[in-house]
Amino acid sequence: MSRIFLALGAFNAFLCVALGAMGAHGLKAMLTPDMLANFQTGVQYHFYHALGLILVGLTLERLPTVRTLKLSGILMCMGILFFSGTLYVISLTGIRGLGMVAPLGGLSYMGAWLLFTYAVWKNKQG
């Protein structure tokens, strides 16, 4: 399972660089400053959680049986999809009604970090 989270983290980091470059170079002339800022916020949080997935993968190598770590990684993936993904779609389409989905992603991000904290605190191996 650690390998899956490491690969997901690395691939998402790649996506962040590509999306960041697209925002900085390709979308700058197409989007309003407000929409570009939304897009950049999506990339920023996406990147944090791509690194978070790598951290989950590395920690799972030390604590391979800890289920809360796996759930933390799953919640990070859900946060990427629901928070960052929603910001990308809103920025590119202007459909602001999708903004109702973003808080689910934010809650997923927060839950992921709480579960990660619990997992490493509770399992004092090593």
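The preceding data block contains the structure.
Residues numbered from 1 in each chain as written. Predicted model: local features only at pLDDT ≥ 70, side-chain atom pairs only at ≥ 80, totals over all residues. Heavy atoms only, no water.

### Some details on the overall build of the protein chain
Thought 1: Helix and strand content of the protein chain: four helices and zero strands.
Thought 2: Reading the secondary structure of the protein chain in the N-to-C direction produces α-α-α-α.
Thought 3: Overall, the C-alpha framework of the protein chain stretches about 50 × 25 × 15 Å when taken along its three principal axes.
Thought 4: Sorting the 126 residues of the protein chain into buried and exposed places 40% on the buried side.
Thought 5: Taking all contacts inside the protein chain whose residues are at least 6 apart in sequence as the whole, residues at least 24 apart take part in 75%. (Helix = DSSP H or I, 4+ residues; strand = E, 2+ residues; numbered from the N terminus. Buried < 20%, exposed > 50% of the residue type's maximum accessible area, 1.4 Å probe, protein only. Contact = heavy atoms within 4.5 Å.)

### Quick word on the side chain of S2
Thought 1: In this fold, S2 is placed in helix α1 (residues 2-26).
Thought 2: What makes S2 buried here is its relative accessible area of 16%.

### Remarks on the nonpolar core
Thought 1: V56 and L69 are the most contacted members of the largest nonpolar core, which totals 18 residues.
Thought 2: Contributions of two or more residues to this core are made by α2 (33-62), α3 (67-93) and α4 (102-122).
Thought 3: Contact partners of V56, with chain neighbours within four places excluded, come to F5, L69, S72, G73, M76 and F116.
Thought 4: Core analysis: the next-biggest nonpolar cluster, separate from the first, contains nine residues, L19, M35, Y88 and I90 among them. (Core = buried A, V, L, I, M, F, W, Y, C linked by side-chain atoms within 4.5 Å.)

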